[in-house]
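A closer look at the structure
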Amino acid sequence: MEPIPPSVLAAANAKSRVLRNLVRAPEILVMPGAYDVLSALLFEQMGFEAIQGTSGGIAAALGYPDGEVMSRDLFLETTGKFAAAVSVPVNADGERGYGDENEVQDTVRSLIALGAAGMNLEDGAALKPGATRGLVPLADRLRKIAAVMKTKQALGSEFFLNARVDAFHVMTDDPKQALNEAIRRGNAYAAAGSDCIFYMNAHSREVIGILAKEVKAPISILAGPPSPSVGELQDLGVARVSYGSAFLKAAIGAAERLAQEILKTGTVTSLKDAMQTPQINVLVTQNKTGLRG
């Protein structure tokens, strides 16, 4: 592969530092999930300090199911467009890293070259037909994290790693065991060099408080309707909160409601609450291409 130009690496490192400092700051970092360039531009314009890419949202917007079904090249292309369009840090949703510990090095290197500040790396095993989803063996996940650290060291990169723990997502029959495994894995990932530990399906205030106390790294929560508010999460000790594909779901839901109105009544009255063309034009005319050069 061609070397990453020093100026590109320096710019990526600057965004990684910003993201790391935001996660370590006393105030909780709220990261909305961008699923296309327009949503990323909107979030920046609204004042969000960093943006999370959503694998599920991006995949759905491009006509794919979630779970590394779309190609790594398409994932990288899309994430690169986000990073080029905004000035705030973009954290990619790297899913399982798109390959083994050797291939994940290529994924990380490509994301750095594209200007991404960091990425998520999940430990849920690939879902096979007829099987229930489980967790990747801890040793396997630690090898991937080691591969990320090796890549960073070789490049002189400050790339941010948000290590996702899926224990609550897959160990639904035994909440106590899930909590113990979530803490065990979180601390193992932190010791291996991860900057933040990201939890799926952790909604209980009690559980979140225990995670914040027991895990020796900043923790992040994927928020949903059952989750505490942002202020409550901060009080519980959460460093970062993100929303996955929530904004894609909200957008397609609004599209469905407008389409239903047209089919039923032939009117478009619900469009009055939508963003209008002049506002959209403001978002996309930062320069002639709509992307930062």
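Please refer to the structure placed before this passage.
Structure report, in brief. Because the structure is predicted, anything quoted here is derived from the model rather than measured. (Residues numbered from 1 in each chain as written. Predicted model: local features only at pLDDT ≥ 70, side-chain atom pairs only at ≥ 80, totals over all residues. Heavy atoms only, no water.)

1. Thoughts on helix α8 (residues 175–191)
When the terminal C-alpha atoms of α8 are compared, their 24 Å separation across 17 residues agrees well with the 24 Å that a helix rising 1.5 Å per residue should span. Taken together, the buried positions of α8 are occupied by Ala178, Leu179, Glu181, Ala182, Ile183, Arg185, Gly186, Ala188, Tyr189 and Ala190. Taken together, the buried residues of α8 touch α6 (138–155), β6 (160–165), α7 (167–170), β7 (196–199) and α9 (205–214). One or two positions beyond α8, positive phi appears at Gly193, with a value near 120°. (Helix = DSSP H or I, 4+ residues; strand = E, 2+ residues; numbered from the N terminus. Expected span 1.5 Å × (residues − 1). Buried < 20%, exposed > 50% of the residue type's maximum accessible area, 1.4 Å probe, protein only. Contact = heavy atoms within 4.5 Å.)

2. Examining the sheet that holds strand β3 (residues 51–53)
The parallel open sheet is built from nine strands, whose spatial order is β1-β9-β8-β7-β6-β5-β4-β3-β2. The two strands at the open ends of the sheet, each matched to only one other strand, are β1 (29–31) and β2 (33–34). Pairing of β6 with β7, which is carried by four bridges, proceeds in the parallel orientation. Paired with Ala163 across the bridge in β7 is Ile197. (Pairing = 2+ DSSP bridges.)

3. What to know about the pairing of strand β5 (residues 118–122)
In terms of burial, β5 is largely enclosed, as five of its five residues are buried. By the alternation rule, side chains of β5 split into Gly118, Asn120 and Glu122 and Met119 and Leu121, which are all buried. Here five bridges tie β5 to β6, and the two strands are oriented parallel to one another. When the bridges of β6 are listed, Asn120 appears paired with Asn162.

4. Details of the packing of aromatic side chains
Considering all chains together, one arrives at five aromatic pairs under this definition. Here Tyr243 and Phe247 contribute two aromatic rings whose centre-to-centre distance is 6.3 Å and whose plane-to-plane angle is 80°, an arrangement assigned as edge-to-face. Of the residues examined, Tyr243 reaches a relative accessible area of 22% and is grouped as partly exposed. Cluster of aromatic residues (ring-pair linked, three or more members): Phe43, Phe48, Tyr243 and Phe247. Sitting over the face of the ring of Phe198, Arg240 holds its NZ or CZ atom 5.4 Å from the ring centroid. (Phe/Tyr/Trp six-rings, centres within 6.5 Å; stacked < 30°, edge-to-face > 60°. Lys NZ or Arg CZ within 6 Å of the ring centre and 35° of its normal.)

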